[in-house]
Structure formats: C-alpha cells, structure tokens
Amino acid sequence: MSPNIREARPNDAAAISQLVQSSFGAYVAPDWEPTAQEMLLADTSAEKLAARMAESVVVLVYEEGTIMLGVILLPRPTLLQLCFVAPGHVGKGIGRSLWEAARARVEDRFPEARTIELNASPFAVAAYKAWGFYPISEPFVRGGAVATRMACWLPGRALAKAQAAMRTPDGLSLVGWSDSRHLGDETST
Ligand SMILES: CC(C)(COP(=O)(O)OP(=O)(O)OC[C@H]1O[C@@H](n2cnc3c(N)ncnc32)[C@H](O)[C@@H]1OP(=O)(O)O)[C@@H](O)C(=O)NCCC(=O)NCCS
C-alpha cells in the first residue's frame, strides 16, 4: 500500500468533511440542483461523517505530509459511497491508489463480496471506468442529483490475468473459456 495512505481516525472527520465539500463544490455541484447540493453538504458535515465512519467497513485517507488530499469510504463491502480528491490534485493517481487499497481490504476481509457498486458523478465516470468499473445504468437524476450506477466485479481481474497468461505470443488463447473450470466457479456467480 502507498505510504501516503492510512486508515482514517475518528478525529479526521473535520478534515474529511472539508475535503469532500471542497471537491464536491468544484467538480460535482455544478451538475446538481441546489436542493441536492444542500443535502449533500448537510450529509457530509463533520458530525454526520464521524457517525458514518464509525459504521463503515473501509475508510482510508491519502496524505502528503499533514495535508489530506483524498478519501475513500465503503459503508459495506459491496458499496463505494465516497471517493474524493482535493481540487488541484485530481488526475494524478491519488483516487486510483485509494481504490486499490480499499479493494485489497475488501478482497482480504470480505472474500464473499463479489461486486462493488457506486453512483458516479458525471465528472467521475471516466476515472471509474479506468479503474475497472462498468456502467450498469444510464445517467439518472434522483432528488436533483445526477449519477450513473457503476459496478466492479472483483473476480474479473484474476480471470482476465489467467486468460492472458494462457495466450500464445501471437494472441491465440491456448484453452477456451469453458476449459477454465480450474479457476473456480467464478464464471457462474
Ligand atoms: C473521481 C476522482 C475520485 C478520481 O480520482 P483521481 O485521483 O482524480 O483519479 P486518478 O488520477 O487516480 O485516475 C484517473 C484515471 O481516469 C482516467 N481519466 C480521467 N479522466 C478521464 C477522461 N476524461 N477520459 C479518459 N480517462 C480519464 C485517467 O487517465 C486515469 O487513468 P490511469 O490511471 O489509467 O491513467 C477525483 O477526480 C475526484 O475527486 N473528482 C471530484 C469528485 C468526484 O467526482 N468524486 C466522485 C463522486 S461519485
């Protein structure tokens, strides 16, 4: 795991709140109705976040020195609810490193979790695609908030690697998909 990433502590709630709200204001709020913006801000106050953090299965922060630049929160193993990088620091790999660290924790601690879903802001869809999430809905508006439902099927990475390893240098697969039963029952769940 990146040395810049650590588990969030209860007293990080105020810094996380500030980070989420500034990133939301810069990149997400312009697509949302004012009432939806107000609800998000109320839901991400330091007090509300502290309560949510206490009940979540994964909450990680990314820091450079003492400056918090990113956060990721999964309230349960199958839902990524918050992922925000500070304005001016997006597109530098911070979000991806947080996602990979969170994913590793879920795979380690909750092996029964197969698929992680999220609601992506229009700004975030391309980044989530780059990390292995796929849209499972059209963009929708709910309560004035715009999102696309996306999902990452966790076994897909290992299966793709195994398939790639079985290919010959000229790109031909040595075995067919149906011959990959030794990979487990992942193709059927
Ligand atoms: C969405 C967010 C969390 C992503 O984190 P990030 O640190 O900016 O993203 P990263 O740099 O780790 O990864 C971005 C990836 O998406 C790709 N990407 C980003 N924008 C892209 C675009 N418009 N087209 C294609 N690829 C794009 C990048 O190439 C990169 O892929 P790579 O690692 O293979 O090069 C961050 O941008 C953010 O906080 N945005 C504002 C708030 C937000 O929308 N949060 C999500 C709420 S649902």
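Structural notes, computed from the coordinates.

## Side note on the overall build of the protein
- Helix and strand content of the protein: 6 helices and 8 strands.
- Walking the protein from its N terminus toward its C terminus, one meets helices and strands in the order β-α-α-α-β-β-β-α-β-α-β-β-β-α.
- In the protein, which comprises 189 residues, the share counted as buried stands at 24%.
- Within the protein, contacts between residues at least 6 apart in sequence are counted, and of these 62% link residues at least 24 apart.

## Describing the nonpolar core
- Formed by 35 residues in total, the largest nonpolar core has its most connected members in Ile16, Leu60, Val71, Ile72 and Leu98.
- Mapped by element, the contributors of at least two residues to this core are helix H1 (13–28), strand E2 (58–64), strand E3 (67–74), strand E4 (82–85), helix H4 (94–109), strand E5 (115–120) and strand E8 (145–153).

## Things to note about the pairing of E5
- Here E5 shows a clear split, with Ile116, Leu118 and Ala120 buried on one side and none of Thr115, Glu117 and Asn119 buried on the other.
- As defined by bridge partners, E5 adjoins E8 across 6 bridges and the pair is classed as antiparallel. Paired with Glu117 across the two strands is Ala151, which belongs to E8.

## Let's talk about the site of the ligand
- Within the structure, the ligand sits among 20 residues, and Val90, Gly95, Arg96, Ala126 and Ala130 are positioned closest to it.
- At the level of elements, H1, E4, H4 and helix H5 (125–131) are the ones that each hand at least two residues to the shell around the ligand.
- Within the shell around the ligand, the residues separate by chemical class into 13 nonpolar, 5 polar and 2 charged.

## Re the packing of H1 against helix H3 (residues 46–55)
- Running from amino to carboxyl end, H1 crosses H3 at an angle of 110°, the nearest separation of the two axes being 8 Å. With respect to each other, H1 and H3 are oriented roughly perpendicular. Like other packed secondary-structure pairs, H1 and H3 cross with a definite hand, here right-handed. For the pair H1 and H3, the contacting residues are Ala13, Ala14, Ile16 and Ser17 in the first and Ala46, Leu49, Ala50 and Met53 in the second.

## Re the sheet that holds E4
- Read across the open sheet, the 4 strands follow the order E1-E2-E3-E4; overall the sheet is antiparallel. Among the strands making up the open sheet, the edge pair consists of strand E1 (5–7) and E4. Each adjacent strand pair in this sheet contributes to an overall mean axis angle of 25°, direction not counted.
- Strand direction decides the pairing type here: E2 and E3, joined by 7 bridges, are antiparallel.

## Brief notes about H4
- With 16 residues, H4 should reach 22 Å at 1.5 Å per residue; the first-to-last C-alpha distance of 23 Å fits that figure.
- Taken as a whole, H4 has its buried residues at Ile94, Gly95, Leu98, Trp99, Ala102 and Arg103. Angular distribution of buried residues about the axis of H4 spans 160°; they occupy a single face of the element. Turned more than 90 degrees away from the buried face of H4, the exposed residues are Ala104 and Asp108.
- If you follow the buried residues of H4, they end up packed against E1, E2, E3, E4 and H5.

Scoring rules and cut-offs
Counting starts from 1 at the beginning of each chain's written sequence and moves along it residue by residue. pLDDT decides what is reported in this predicted model: residues at 70 or higher carry local features, side-chain atom pairs at 80 or more are listed and counted, and totals for whole chains, interfaces and linings draw on all residues regardless. In DSSP terms, a helix is any run of H or I states spanning at least four residues, a strand is any run of E spanning at least two, and both are numbered starting from the N terminus. Comment: burial labels come from other C-beta atoms within 10 Å of the residue's own C-beta, placed from the backbone, where a count of 20 or more is buried, 12 or fewer is exposed, and between is partly exposed. By definition, residue pairs are in contact when their C-beta atoms, positioned from the backbone, come within 7 Å. Nonpolar cores are identified as sets of buried Ala, Val, Leu, Ile, Met, Phe, Trp, Tyr and Cys residues joined via C-beta atoms within 7 Å. Here, strands pair whenever DSSP counts at least two bridges between them. Any residue whose backbone-placed C-beta atom lies within 6 Å of a molecule or strand is treated as near that molecule or strand. Any residue that is not Ala, Val, Leu, Ile, Met, Phe, Trp, Tyr, Cys, Pro, Asp, Glu, Lys or Arg is counted as polar, Gly included; the first ten are nonpolar and the last four charged. Interaxial angles span 0 to 180 degrees and are taken between N-to-C directions of axes, which are lines fitted to C-alpha atoms, for helices over the stretch in contact. An angle below 35 degrees is treated as roughly parallel, one above 145 as roughly antiparallel, one from 65 to 115 as roughly perpendicular, and anything else as oblique. Note on convention: near helix rotated counterclockwise from far helix by under a right angle means a left-handed crossing. Clockwise means right-handed. Take the residue count of a helix, subtract one, and multiply by 1.5 Å to get its expected span. Summarising the geometry, the arc corresponds to the directions from the helix axis toward the C-beta atoms.

Geometry only, nothing functional implied.
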